[in-house]
Amino acid sequence: RTVLKMGVRGLTAFLDRSPALWDTLALKPQTPAEIAAGTVPRVVKLVIDGYALLYHLYFSTNFNCVCGGQYAEFAEHCRAYIVNLQKCGFSLLVVMDGTVNAAKEATLMTRENDLIKTVRQLTTAEKHVGKKTLPPLARYAMVDVLHELNIKVALADQEADGVVAAMAKANGCCAVSKDSDLFIMDLPAGYIPVDNLELARNGSVTAKRFNRAKFCAEMGIHAGMLPLLASAVGNDYVSQGLLRPFHASLGEEDPKMPACWQTDKEASVRDLLIVRVAAFLVKQPSQDAAITAIAAAADVQHAADIEAGTAPVFKGEDGEPKPDEFSKEALAEALRLSIGQYALDPKNAQALGTTTALTTTAKIGFPAALLQRYRDGHFDSKLLNVLANRAMWCNGVVEDLDAESAYIPSRPIREAIYSILLDGDASKPVTEYIRVGPKFGSEEVPVAAAGALAGVFLSKTMAAGETAGVDARTKALYSVIGEAPKGVAANMALPAACVRFWVKSQGGVTAVELAAVAVAMLQNKEKAKTRIGKEMRPPWFSVALSHRLAALQATLLSATLLNQALLCPVKPFVIGDVYDGEWIHRFHHLQYRAKGVKVLNDQLRKDEIDFKAFKALFDLLSAGLQVAGEVVLDAEEENVMWGVSGPEGTDKPDLNKATKIDLIIANKGGARASGQLGGNFAGLLGDDDEEESDEEEEEESAPAPVAAATEAPAPAAEKKKKNVIVAGGGDDDMAKLMAEMEAVDAKRDEKKAKEKERKKKGAK
């Protein structure tokens with residue numbers, strides 16, 4: 001989701017250069033002695049803007065955002081951060097944004113189009129460092145952690161910032177966000193930008209809180225004038241086109257900077273503008289008089305610019321000139337509207353209860369029980385937006401921008417959601433805001449026919465209660481997504497069904513792609529939490545794979561929404577246990593061209609994946625589906641390897657010209673033995689940065705199998721013995737051919753060992 005925040009242009013940078021305007025609060029965890037003595041710790045209450053926290057936690061670290069999200073690592077980072085705050089005496093309430101405000105739709109569309117440009121740079125441009133986008137399921141990973149730690153999470157009707165500020169004022173809490181508007185609002189306990197909550201390695205927390213009274217004193221302005229200062233400087237409610245003449249009327253002479261200014265920093269154009277506007281307002285006797293004076297000064301300047309032919313021409317997104325929007329009346333009206341946005345409505349302090357100002361034409365309405373689920377974060381804001389606005393926002397993801405949106409394959413799931421929420425009302429379609437071609441746009445999507453869903457309409461489920469009809473709702477869920485494969489552990493049933501839906505809806509999924517997804521589901525969960533990723537785009541990044549995986553994430557997201565629309569008849573899955581974008585991309589890179597009998601098994605061993613659990617899960621996920629390539633057991637059923645057509649199903653050996661080794665592998669259903677080993681997870685093929693460390697690894701014994709995500713069949717009492725028919729066959733021929741195969745692998749391993757030794761000598 002794109003964060004919509006009305007901000008004062010340049011104010012954050014100005015205040016960052018004014019250290020005297022900040023109060024510092026330092027807190028440490030209680031010592032064992034203090035705990036033993038029963039010392040009551042100091043409690044600092046915070047009301048936090050959830051999306052500001054989300055973006056800060058993901059982007060302040062090196063989490064990879066190009067490959068589609070490191071959810072287990074991110075969840076662990078969230079957990080450590082929140083627990084640290086709690087130990088230092090902070091009490092948290094997290095408020096998340098809700099439905100989309102119709103007045104902000106145009107702004108949201110613009111920012112989604114900006115995000116598309118960012119994705120283009122992330123995936124294809126040479127200069128992509130510093131470009132970031134939030135993975136689509138990161139919010140769910142963070143909210144799961146907050147619920148786990150018993151942190152109160154509440155969803156607002158629309159934007160959270162007004163609720164955060166009102167609740168902070170009403171309850172004597174500090175407000176925490178990343179929104180420069182909060183510098184302007186009247187918050188007695190103060191405002192702490194989220195990135196000013198600094199955690200040290202020793203567990204202490206330093207919080208820098210903005211001192212509004214000092215700012216007013218330094219600027220010589222009354223606190224009541226601050227909303228007009230913000231509006232006249234510029235924000236989302238007063239356009240640049242309206243403000244430009246006023247800014248030009250202030251002249252270009254450098255004003256005297258306030259005493260709080262850090263003198264070794266050169267003032268920017270925005271810094272100077274803020275000081276000029278403040279100096280102008282100081283001369284005005286009242287707010288109304290100031291608005292009149294601003295409009296008059298701007299009108300005079302605008303007329304002079306037109307007469308001199310120096311009035312700038314503003315262009316729209318299409319590059320065409322925009323009509324002149326200025327008039328002193330329009331400017332005055334925009335200023336008054338903007339000022340009103342900074343008033344803290346006392347109603348917002350009670351805006352998290354079981355009533356709402358939102359309206360809906362859906363039969364369900366907004367009953368208290370449903371709103372309570374929504375406030376608590378168990379009924380998604382995307383679902384409420386369908387009820388309130390008959391619209392679904394399919395926010396930007398890292399994908400192939402030259403292909404159709406990665407959300408399209410999972411649209412049938414969302415059509416079923418619309419039918420459940422709207423009681424099958426197909427009189428009007430639902431608008432899906434989605435990427436259409438190279439730009440973000442919208443499409444009208446029909447509501448699915450009621451059919452079997454009629455019995456699980458939301459109005460009926462709410463009337464019966466969430467404990468009733470669980471089996472029927474579960475059946476409805478899987479009737480839309482497809483049945484979960486038999487034998488999958490309960491916590492992986494819904495994700496497994498999603499993966500199978502993805503394979504069917506995508507078409508052309510390869511064995512190595514499916515294997516990479518399966519391995520991510522089976523990886524060591526504890527190690528996944530602490531694995532260090534790389535923020536930058538890796539040299540082996542695949543745009544095509546990222547698009548397929550974006551479609552998988554869209555499926556997982558849509559299935560989560562469907563489950564919530566049915567009031568969660570199936571226990572929600574933990575996204576960090578299911579999907580790891582960087583891991584999947586790396587595994588795919590190492591294996592998609594791999595050849596050799598041992599390559600897949602060696603990879604699994606080094607990644608601590610039990611090959612039997614992997615084979616069982618792969619078979620369950622692929623059963624009855626079209627997958628290019630296959631995974632098979634070797635002749636002794638002691639290892640797995642790629643099938644005869646290879647990891648991508650593109651190898652086509654000619655059995656008439658095959659060598660003896662090729663023949664036996666083909667008859668066994670295995671991969672070709674020729675070629676070179678694909679490497680292991682720690683040392684990427686073609687990745688010079690990581691190859692060196694891999695070469696220095698010592699061979700270890702195979703680790704104990706991780707907990708299987710499938711119910712693996714009990715081992716047979718003895719291994720099955722299979723006869724293989726080879727030209728001139730017989731046990732002696734079999735032994736000879738197997739010896740030849742082993743010789744090929746041994747020769748390859750010897751070559752690798754020599755290369756390792758050569759590199760070590762070169763390093764010396």
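The rules behind these values
- Residues numbered from 1 in each chain as written.
- Predicted model: local features only at pLDDT ≥ 70, side-chain atom pairs only at ≥ 80, totals over all residues.
- Heavy atoms only, no water.
- pLDDT = per-residue confidence, 0-100.
- Contact = heavy atoms within 4.5 Å.
- Axes fitted to C-alpha atoms, helices over the stretch in contact; angles between N-to-C directions.
- Helix = DSSP H or I, 4+ residues; strand = E, 2+ residues; numbered from the N terminus.
- Parallel < 35°, antiparallel > 145°, perpendicular 65-115°, else oblique.
- Nonpolar A, V, L, I, M, F, W, Y, C, P; charged D, E, K, R; others polar.
- Buried < 20%, exposed > 50% of the residue type's maximum accessible area, 1.4 Å probe, protein only.
- Pairing = 2+ DSSP bridges.
- Phe/Tyr/Trp six-rings, centres within 6.5 Å; stacked < 30°, edge-to-face > 60°.

## Some points on the confidence of the model for the protein
Part 1 of the reasoning: Across the protein, the average pLDDT comes to 84, with 83% of residues at or above 70.
Part 2 of the reasoning: Of the regions scoring below 50 in pLDDT, residues 655-731 engages in 139 contacts with residues more than four places distant in sequence or in other chains.

## A word on the packing of helix H18 (residues 470-481) against helix H19 (residues 493-506)
Part 1 of the reasoning: Following both chains from N to C, one finds H18 and H19 inclined at 25°, their axes separated by 9 Å at the closest point. The orientation of H18 with respect to H19, classified from their angle, is roughly parallel. In contact with Leu477, Tyr478, Val480 and Ile481 of H18, H19 contributes Ala493, Leu494, Ala497, Cys498, Phe501 and Lys504.
Part 2 of the reasoning: When its residues are assigned to classes, the contact of H18 with H19 shows nine nonpolar, no polar and one charged.

## Here's the deal with the pairing of strand E5 (residues 174-177)
Part 1 of the reasoning: Covered by surrounding structure in E5 are Cys174 and Val176 together with Ala175 and Ser177, the residues of both alternating faces.
Part 2 of the reasoning: The pairing of strand E2 (residues 44-49) with E5 spans three bridges and is parallel. Across the sheet, leucine 46 pairs through a bridge with cysteine 174, a residue of E5.

## Here's the deal with the pairing of E2
Walk down a regular strand and you will see the side chains alternate between the two sheet faces.
Part 1 of the reasoning: By the criterion of burial, E2 is predominantly enclosed, with five of the six residues buried.
Part 2 of the reasoning: Two strands pair when backbone bridges link them, and E2 and strand E3 (residues 90-96) are joined in this way by six bridges, in the parallel orientation. From the neighbouring strand, valine 44 faces E3, where its bridge partner is phenylalanine 90.

## Regarding the packing of aromatic side chains
Part 1 of the reasoning: Scanning the model with the defined rule gives 16 aromatic pairs in all.
Part 2 of the reasoning: Ring geometry for tryptophan 393 versus phenylalanine 440: centroids 6.1 Å apart, planes at 15°, classification stacked. Taken together, the residues tryptophan 393 in strand E9 (residues 391-393) and phenylalanine 440 in strand E11 (residues 439-445) connect sequence positions 47 residues apart. Phenylalanine 440 matches tryptophan 393 in its accessibility class, with the two residues each being buried.
Part 3 of the reasoning: Here the aromatic cluster, defined as three or more aromatic residues joined through ring pairs, consists of Trp22, Phe183, Tyr191, Phe210 and Phe215.

## Here's the deal with the sheet that holds strand E10 (residues 430-436)
Part 1 of the reasoning: The mixed open sheet is built from three strands, whose spatial order is E9-E10-E11. Strands at the two margins of the open sheet, each flanked by one partner only, are E9 and E11. If you compare each strand with its neighbour and ignore which way they point, the axes differ by 30° on average.
Part 2 of the reasoning: Taken strand by strand, helix H16 (residues 411-421) contacts E9, E10 and E11, and its axis lies near 160° from that of E10.

## A look at the packing of helix H9 (residues 226-233) against helix H10 (residues 240-249)
In helix packing, the relevant descriptors are the interaxial angle and the interaxial distance, both defined with respect to the helix axes.
Part 1 of the reasoning: With their axes 9 Å apart at the nearest point, H9 and H10 run at an angle of 100° to one another. Looking at the two axes, H9 sits roughly perpendicular to H10. Of H10, the residues touching H9 (which contributes Ser231, Ala232 and Val233) are Leu243, Phe246 and His247.
Part 2 of the reasoning: In the contact of H9 with H10, the residues fall into four nonpolar, two polar and no charged.

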